Amino acid sequence: MTVTDQQTAFDCRQDFAAELLALAAEDERIVAVCNDSVGSSNLVGFRERFPDRLINVGIAEQDLVGVGAGLANAGKIPFVCAAAPFLTGRALEQIKADVAYSEAHVVLCGQSPGMAYGELGPTHHSIEDLSWMRAVAGLDVIVPADSVQTRAAVRWAAASGRPSYVRIPRFKVPVVTPEGAPFEPRRAVLLADGDDATVIAIGSLTSRALQAAALLREEGVHLRVLNMPFLDPLDEEAIVAAARETRGIVTAEEATVSGGLGAAVAATVVTRHPVPMRILGVPRVFAPTGDTAFLLDHFGLSADGIVSAVKDLLRHG
Amino acid sequence: MSLLAADPTRSAVYRQAAERIRRADRHTAAAELDQLATEVRRSIIRMIDRAQLGHVGGDLSVTDILVTCFYGVLSVDPERPRWSGRDRFVLSKGHCAAALYSTLAHCGFFPEAELDTFMAPLSALNGHPNRIKVPGIETNTGALGHGLPVATGCALAAQLDGADWRTFVVLGDGELQEGSNWEAAMAAAHHGLSSLTAVIDRNRLQQGARTEDTNALGALDDKWRSFGWEVREVDGHDHLALLEAMSGSSTGRPVAVIAHTIKGKGVSFMEDRVEWHHKVPSPDQVEAALAELAR
Ligand SMILES: Cc1ncc(C[n+]2csc(CCOP(=O)(O)OP(=O)(O)O)c2C)c(N)n1
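Residue indices follow the written sequence of each chain, beginning from 1 at its first position. Chain letters and ligand numbers both follow the written order, the letters beginning at A and the numbers at 1. The model is predicted, so local features are restricted to residues of pLDDT at least 70 and side-chain atom pairs to those at 80 or more, both for listing and for counting; the totals for chains, interfaces and linings are taken over all residues. Only hydrogens and water are set aside when side-chain values are computed; all heavy atoms of the structure are taken into account.

S.K.: Would you mind showing me how to read empty space enclosed by the protein here?
M.R.: Using a probe with the size of a water molecule, rolled over the atoms, empty space left in the structure can be pinpointed. Each cavity reported here is a set of points on a 1 Å grid over the protein atoms alone in which a 1.4 Å probe fits but cannot get out, each pocket an open set with protein on both sides within 12 Å along at least five of seven lines, and each lining residue one with an atom within 4 Å of a point. Grid points are joined across faces, edges and corners, and a volume is the space filled by probe spheres set on the points. Applying the stated criterion across every chain yields a total of 5 cavities of 30 Å³ or more. Estimated volume of the largest cavity: approximately 120 Å³. Surrounding the largest cavity, 15 residues form its lining, Pro 81, Arg 86, Gly 136, Ile 137 and Glu 138 of chain B being those nearest its centre. Note on residue categories: nonpolar means Ala, Val, Leu, Ile, Met, Phe, Trp, Tyr, Cys or Pro, charged means Asp, Glu, Lys or Arg, and polar means any other residue, Gly included. Grouping the constituent residues of the lining of the largest cavity by class yields 9 nonpolar, 1 polar and 5 charged. As a volume, the second largest cavity reaches approximately 90 Å³. Considering the residues around the second largest cavity, the lining is formed by 13 residues, among which Pro 113, Arg 167, Pro 169, Ser 204 and Glu 254 of chain A are closest to the centre. Across the lining of the second largest cavity, the residue classes tally to 7 nonpolar, 3 polar and 3 charged. Among the domains, domain 1 (9-174) and domain 2 (189-316) of chain A are the pair contributing at least three residues each to the lining of the second largest cavity. Note that domain bounds follow an automatic or database assignment of domains.

Shown next, in the form of structure tokens:
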């Protein structure tokens, strides 16, 4: 973690829990469903306040998502909470068939995504979730970058009437969202303007992209920084504008390079306005042992790593 | 990443100890296993203290099962970890890697000094077992509900080859809430996998609460029996009872050993307390735990 991260960083799970609790007080259709994860999903407060509306199915993620779909079909608004790797991986088919294909208004809440459980190893790393969730039709994929977006995501997903996947950060991140920024599908958040190159970042990498922009500004390079709270549906117009108005695009995400943000942006770029790109993420390997900050740096997912990628792009196209 | 290398001195000691235990009278064998388990428990506490991470409750719960398995039951050779005639051992509750690593190091599968690197950057000793890095690990675990299906596959391979090696898998009781276990339980019985033994670490706690308050397992013995398994129930901290349950001859069916255990066993202030699932002891608590385990 860099110095600036540490000074003002927040664990978004607390914002998630607080907003869910406030929402549940306003709307009695809200229920929480979890898998032996009352503590790790920060649902202790919810259990105290609404004991009957917290359903703990035990260590059984396929059942978890199926039960969520049933609750939704019967008129509830379930927030289905579990560690992101097991929620998305183990219950992938339930997410596809019971939730998305059935248009069940379930909010899937993936806790501690990316490499938040660094030392616990690849079974516990959720780096494939973005690729998997993006591949499912009819599922909104929401990737908050800070506590402001986490709270907005809870509100938005509850009101949307649609199935969604919300990726709740655990790795501490500072607030990056400016006052009045949009939070809706197909709306990117402009965090810094510039015309040399564009960095598009989501989740925990967003603040690092801003740090990279500050470092590059000292060298006279002007970076545009875009954040995409919605990975799906994606803001294609902002991507095309960036491709037209800057010399190339670097994407950054705490996820595998196979199929997440980078792949989504690249598909838009090549079909609508080809420009050089660099895709930063976890390469197609299982991570070595280490804590989150160590692993992010290990894979070049630091401000310095983003700076190098931008320079490489500007130098070699 | 290649496998860690064996420790030949330690593995020679292990071979002698295992032979002694298997030949000894019941009383002597039990005393020796008790001593070994205490050493393993002490090293678990030290590993978790150094890493400031880990699952101490489940580690201490499963230690007696692991030690009995490796010293009293399994036919394995730490210097030839992939020897084709070995018995297969799977720790399905992979979050208890510290207990498995410290047992394996004790047997000489790799140098004990390696335990100091538990969960440190670039260590082979990840928070959950990895078969590519650590000798003695048959399959990667950590996502619960994977061990029994994989062990069933191992036992099927032995049956296809007419081989006489056996397969053992250790499961958490909370873990049994995963449906994949029951799919495998059905298949193992269907195929008459008498060389397969599942040991259930029945400590009645899971991550956040008691199993019976979360998603009750109810009459666990009847569940296994109705799936076609032979069921044996033992005190999971009684080495002799475990030895007999795991080595007794089978009746053509897979065997489920329900081992009644105490989460946090051996450290009084951790015993049967849910918060010790993955709480890290303070320096004072580490000292107190090691003192209790010295007796
Ligand atoms: C598929 C999956 N879901 C959730 C978890 C998180 N988790 C780790 S340990 C644990 C509790 C396990 O309880 P039990 O099997 O009884 O083990 P023990 O109490 O012996 O430690 C949970 C829920 C996981 N590792 N894998």
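S.K.: Could you clarify how one ought to interpret the site of the ligand in this entry?
M.R.: If even one non-hydrogen atom of a residue comes within 4 Å of a molecule or strand, that residue is called near it. Near the ligand, the surroundings consist of 23 residues, among which Glu 61 of chain A together with Lys 93, His 95, Gly 174 and Lys 263 of chain B are the closest. At the site occupied by the ligand, nearby residues are drawn from chains A and B. Identification of polar contacts relies on pairs of N or O atoms within 3.5 Å, with a donor-acceptor requirement for protein atoms, meaning one able to donate a hydrogen and the other able to accept it, and with residues adjacent in sequence counted only if both atoms are side-chain atoms. A distance of 2.8 Å separates an oxygen atom of the ligand from a polar atom in the backbone of Gly 174 of chain B. Across the complex, the protein chains shield 96% of the 600 Å² of accessible surface that the ligand would expose by itself. By residue class, the composition of the shell around the ligand is 5 nonpolar, 10 polar and 8 charged. All accessible areas in this document rest on Shrake-Rupley with a 1.4 Å probe, and a residue is counted as covered only by the protein chains that are shown.

S.K.: Could you clarify how one ought to interpret the layout of surface pockets in this entry?
M.R.: Residue and element names in this part refer to chain A. By volume, the second largest pocket amounts to about 570 Å³. In this text, helices come from DSSP runs of H or I with a minimum length of four residues, and strands from runs of E with a minimum of two, each type numbered from the N-terminal end. For the lining of the second largest pocket, the element with the most residues is helix α5 (residues 84-90), which contributes 4 residues. When its residues are assigned to classes, the lining of the second largest pocket shows 12 nonpolar, 13 polar and 3 charged. Split by domain, the residues of the lining of the second largest pocket number at least three in each of domain 1 (9-174) and domain 2 (189-316).

S.K.: How should the domain arrangement of chain A be read in this particular structure?
M.R.: Much of the literature gives interface size as the accessible area that the parts lose upon coming together. All names here are of chain A. Along its sequence, chain A is carved into domain 1 (9-174) and domain 2 (189-316). For domain 1 and domain 2, the distance between their C-alpha centres works out to 26 Å. We call two residues in contact when some of their heavy atoms are within 4.5 Å. In this assembly, 27 residues from domain 1 lie in contact with 34 residues from domain 2. The term buried area refers to how much accessible surface (probe radius 1.4 Å) is lost by two components on association, counted for both of them together. Taken together, both faces of the contact between domain 1 and domain 2 bury some 2400 Å²; the carbon and sulfur share is 65%. A carboxyl oxygen of Asp or Glu within 4 Å of a side-chain nitrogen of Lys or Arg is what we treat as a salt bridge. In this structure, the connection of domain 1 to domain 2 is made through 0 salt bridges. Taken together, the connections running from domain 1 to domain 2 amount to 13 residue pairs in polar contact (both at pLDDT 80 or more).

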